[in-house]
Amino acid sequence: MHVTTGRVAFVDGAREVYVPSGANCRAGRRGAGTPVWDDAPPPLVEAGRRFDDRVGTARELIEQCMQPRDSLMLWHLLADHDSAVVALALDELLKRGPAPDGVTREAVLKREAAALEAWKDRLMGEWR
């Protein structure tokens, strides 16, 4: 799915998938993939696909998230079913800047909706 105007958000199981204009995500038997920018460098696209296909690791994906707007992918990892993936993504986001006001590490690790939404609100300015 490619978004050319506006944005698309949908729920895939317990996970929200948010795809802004200029980004895309794959959908398949396992549900929606991790959104990536249409003009993302090939190594980042490949790392995202490998992660979504469960043949690559979150660490490999995170290492390719070099630009500020790559936080789009990191934010999606905060809702992953694997708490180790959530912790890795959170640590990377915290290297880039402070957590939103009132959002604790514990709330993110528990995947509390309000904490994830606060992170999304904070990061959306980078998603252009």
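> Teacher, can you tell me more about the overall build of the protein chain here?
In terms of regular secondary structure, the protein chain is built from six helices and six strands. Over its C-alpha atoms the protein chain spans a radius of gyration of 13 Å, differing by no more than 12% from the 14 Å that the globule rule assigns to 128 residues. Dimensions of the protein chain, computed from the C-alpha atoms along their principal axes, are close to 35 × 30 × 30 Å. Classification of the 128 residues of the protein chain by burial places 43% in the buried group. Taking the contacts inside the protein chain whose residues are at least 6 apart along the sequence as the reference set, 40% of them involve residues at least 24 apart.

> It is not clear to me how unusual backbone geometry should be interpreted in this structure. Could you clarify?
In terms of backbone geometry, most residues other than glycine have negative phi values and most peptide bonds are trans. Even without a glycine there, the phi angle at R54 is positive, about 65°. Residue placement: R54 occurs in the loop between α1 (42-52) and α2 (58-64). Not every positive phi belongs to a glycine, and R111 is a case in point at roughly 60°. For R111, the position within the fold is in the loop between α5 (105-109) and α6 (113-123). Classification of R111 as partly exposed rests on a relative accessible area of 27%.

> I tried to follow the packing of helix α4 (residues 83-96) against α6 on my own but got confused; where do I start?
Two measures define how a pair of helices packs: the angle their axes make with one another and the distance between the axes. Relative to each other, α4 and α6 sit at 40°, their axes nearing to 13 Å. In terms of axis orientation, α4 runs oblique to α6. Pair α4 / α6 crosses with left-handed handedness. Contacts from L90, L93, L94 and R96 in α4 reach W119, R122 and L123 in α6. Looking at the contact of α4 with α6 residue by residue, the classes come out as five nonpolar, no polar and two charged.

> How should I be thinking about the pairing of strand β1 (residues 7-12) in this particular structure?
Along any regular strand, the residues point their side chains to alternate faces of the sheet. Strand direction decides the pairing type here: β1 and strand β2 (residues 15-20), joined by six bridges, are antiparallel. Bridging from a neighbouring strand, R7 pairs with P20 of β2.

> I tried to follow the packing of aromatic side chains on my own but got confused; where do I start?
Given two aromatic rings, their pairing is described by the distance between the two centres and the angle made by the two planes. Applying the stated criterion across every chain yields a total of two aromatic pairs. Both rings, one in Y18 and one in W127, keep their centres 5.7 Å apart while their planes meet at 40°; by these two values the pair is tilted. Here W127 lies in the segment after α6 and Y18 lies in strand β2, a separation of 109 residues in the sequence. With a relative accessible area of 5%, W127 lands in the buried category. Taken together, Y18, W75 and W127 form an aromatic cluster joined through their ring pairs.

> Explain the nonpolar core to me, please; I cannot follow it from the model alone.
As a rule of thumb, soluble globular proteins bury nonpolar side chains together. Ranked by internal contacts, the top residues of the largest apolar core, which has 37 residues, are L61, W75, L77, L78, V108 and W119. Elements represented by at least two residues in this core include exactly β2, β6 (36-37), α1, α2, α3 (71-77), α4, α5 and α6.

Conventions and cut-offs
Positions within a chain are numbered from 1, following the residues in the order the chain's sequence is written. The model is predicted, so local features are restricted to residues of pLDDT at least 70 and side-chain atom pairs to those at 80 or more, both for listing and for counting; the totals for chains, interfaces and linings are taken over all residues. Where side-chain values are given, they derive from all heavy atoms of the structure, hydrogens and water being excluded. Helix numbering and strand numbering both begin at the N terminus, where a helix is a DSSP run of H or I of at least 4 residues and a strand a DSSP run of E of at least 2. Each radius of gyration is computed over the set of C-alpha atoms, and the globule rule expresses the reference value as 2.2 Å times the number of residues to the power 0.38. For every residue, the accessible area (1.4 Å probe, protein chains only) is compared with the maximum for its type, and the residue is labelled buried under 20%, exposed over 50%, or partly exposed between those bounds. Between two residues, a contact is recorded if the distance between any of their heavy atoms is within 4.5 Å. Think of each axis as a best-fit line through the C-alpha atoms, taken over the contacting stretch in the case of a helix, with angles from 0 to 180 degrees between the N-to-C directions. We call two directions roughly parallel when the angle between them is under 35 degrees, roughly antiparallel when it is over 145, roughly perpendicular when it lies between 65 and 115, and oblique otherwise. Left-handed describes a crossing whose near helix is turned anticlockwise from the far helix through less than a right angle; right-handed describes the clockwise counterpart. Polar here means any residue outside two lists: the nonpolar Ala, Val, Leu, Ile, Met, Phe, Trp, Tyr, Cys and Pro, and the charged Asp, Glu, Lys and Arg; Gly therefore counts as polar. Paired strands, in this sense, are two strands between which DSSP finds at least two bridges. Here a pair means two rings of Phe, Tyr or Trp (six-membered ring of Trp) with centres within 6.5 Å. Their orientation is stacked below 30 degrees between planes, edge-to-face above 60, and tilted elsewhere. By convention a nonpolar core is built from buried Ala, Val, Leu, Ile, Met, Phe, Trp, Tyr and Cys residues, the set being connected through side-chain atoms within 4.5 Å.

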